[in-house]
Amino acid sequence: MTDSSLGKSALQGLRVIDLTRLLPGGFCTQILADLGADVLKIEEPGRGDYNRSFEPLAKEESGSFLLLNRNKKSMTLNLKSDQGKEIFLALVENADIVVEGFRPGVMDRLGLQYSVLKERNPKLIYCAISGFGQDGPYRLKSGHDLNYMALAGVLPLFGRKGEDPIVPGLSIADVGGGSMPAITGILAAVIARFRSGKGQSIDISMTDGAMSWLSYHGADYLFGNVEPKGGERPFIGQAPSYNVYRCADGKHVALGIIEKHFWERFCDAVELEDLKAEQWPEGARADLQFERLSKLFATMERDEWVERLEDVDIPFSAVLNVGEAFADEHSVHRKMLMSVDHPVEGKIPQLGFPIKMTGTPCQIHSPPPMLGEHSAGELATLGYSEAEIEELRKQKII
């Protein structure tokens, strides 16, 4: 429940037109919607966001779509038609932000590029999220999260020593390199507009974003002349004190020790005092230490280790699967799993808000929209009559 006395939502009054599909743009605009922005999702008539059809399905809608599109409205619109473009430009006149995730050049071919939109609305903030950015030799290359991490130098950081890189389990470039920088850029542009009265264009490359995360491991190469690879550097699998271990029941624990005092405390707790003097071994000595710790953790089940080290103040934790993480007492306390009533799907789960604010909290005020659910309402605000709206449906413009 939200305390209505806390005031308006942080972004209330901001109008966002969302042309994106799939994950990067969807996550970006959902955060904006959670913060109170009025987000109108423009979707292709008949098909909509490709994500609507991805398995697993709830009843009719994709589960991933339902977790990425709450607090938004949906309007279907054929942007390839002259009348569809006319309607879109009318919507832009009253918008604050447009977010699109097409390959560079698509909006130009539609005649709806930023230079055209800003003529209709000089205060418009236009954010383009793409794999490689709006310029450069790779701008027109196709790709997805794995490709962006590969070309950003990030992928080799994942894996065991001497083995091939692995596919990370989270879409790091999509969200960390795309969604989050887009949100930051959009909000910075909103603040800048308060001073200048003018909008601007924002170019977000998911590859650039992923590369910017190399602040730590990039130092190995830039200052240490060492190429960091998974399993071969201290914080990507080489250091026994900062690693993952299998327990007797096949589950895992994570040991995340960096500071010397934590390492000494751990060694005392597990009765391996002889390791206290060498926290950062290299080469064969690191392999030997990892083997000793692996044998140690294999002597008990995961939860037994958690209980044994519960009162020892060290960076140590159980490795939880998704279901365990949702049910964990801390996640429950932080309200990281919520629910909302959907007109077709019934009560559906929703991931909680990653941004906690006391004065202008995030809220769920509407479920993920049905395809085109708000088309008629949006057109009515532009002055279209019921008869005209029905004719647009017949012509498959909406």
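The paragraphs below set out a description of the structure included in this document. (Residues numbered from 1 in each chain as written. Predicted model: local features only at pLDDT ≥ 70, side-chain atom pairs only at ≥ 80, totals over all residues. Heavy atoms only, no water.)

Looking only at helices and strands, one finds 16 helices and 11 strands in the protein chain. If you line up the protein chain on its principal axes, its C-alpha atoms span 80 × 45 × 40 Å. Here the protein chain holds 398 residues, and 43% of them are scored as buried. Across the protein chain, the fraction of contacts at a sequence separation of at least 24, relative to all contacts at a separation of at least 6, is 67%. (Helix = DSSP H or I, 4+ residues; strand = E, 2+ residues; numbered from the N terminus. Buried < 20%, exposed > 50% of the residue type's maximum accessible area, 1.4 Å probe, protein only. Contact = heavy atoms within 4.5 Å.)

All right, on to the side chain of D174 then. With respect to the helices and strands, D174 occurs in helix α7 (residues 172-196). One buried charged residue, D174, remains without a salt bridge, the closest side chain of opposite sign being R103 at 13 Å. Apart from the residues within four sequence positions on either side, D174 is in contact with L23, P24, D145, Y148, S179 and M206. (Lys, Arg positive; Asp, Glu negative; His and termini not counted. Salt bridge = Lys/Arg side-chain N within 4 Å of Asp/Glu carboxyl O.)

With that out of the way, let us pick up the sheet that holds strand β8 (residues 252-256). Sheet strands pair by backbone hydrogen bonding; their relative direction is either parallel or antiparallel. Spatial strand order, β7-β8-β9: three strands in an open sheet with antiparallel pairing. Edge positions in the sheet fall to β7 (242-246) and β9 (316-318), since each has one partner strand and no second. Direction aside, neighbouring strands of the sheet carry axes that sit 20° apart on average. Alignment of β7 against β8, held across five bridges, turns out to be antiparallel. Opposite N243, over in β8, you have L255 as the bridge partner. Relative to the sheet, helix α11 (residues 283-297) contacts β7, β8 and β9, its axis offset from that of β7 by approximately 40°. (Pairing = 2+ DSSP bridges. Axes fitted to C-alpha atoms, helices over the stretch in contact; angles between N-to-C directions.)

Turning our attention to the environment of V190. Position of V190 among the secondary structure elements: in helix α7. Given the relative accessible area of 8%, V190 is considered buried. Sequence spacing of V190 and D96 is 94 residues, and the spatial spacing of their C-alpha atoms is 8.5 Å. Apart from the residues within four sequence positions on either side, V190 is in contact with L14, I97 and I125.

Turning next to the sheet that holds strand β3 (residues 72-76). The six strands lie next to each other as β3-β2-β1-β4-β5-β6, forming an open sheet whose pairing is parallel. In this open sheet, the two edge strands, each paired with only one partner strand, are β3 and β6 (200-205). Between one strand and the next, the sheet's axes are offset by a mean angle of 20°, whatever the strand orientation. Here strand β4 (residues 97-100) pairs with strand β5 (residues 125-130) via four bridges, running parallel. When the sheet's bridge partners are listed, I97 is paired in β5 with I125.

Burial of the side chains of strand β1 (residues 15-18) extends over both faces: R15 and I17 are buried on one face and V16 and D18 on the other. Handedness of the crossover is the feature at issue here: the chain leaves β1, passes through helix α1 (residues 22-34), returns alongside strand β2 (residues 38-43), and the resulting connection is right-handed. Bridge analysis of β1 against β4 gives three bridges, and the strand direction is parallel. Bridge assignment links V16 to a residue of β4, and that residue is I97. (Right-handed = clockwise from strand over helix to strand, strands pointing away.)

Position of R103 among the secondary structure elements: in the loop between β4 and α4 (106-110). Judged by its relative accessible area of 45%, R103 is partly exposed. The sequence separation of R103 and I398 amounts to 295 residues, and the corresponding C-alpha distance is 23 Å. For R103, the side chain forms a polar contact with the main-chain oxygen of L140, separated by 3.0 Å. (Polar contact = N/O pair within 3.5 Å; in protein donor to acceptor, adjacent residues only side chain to side chain.)

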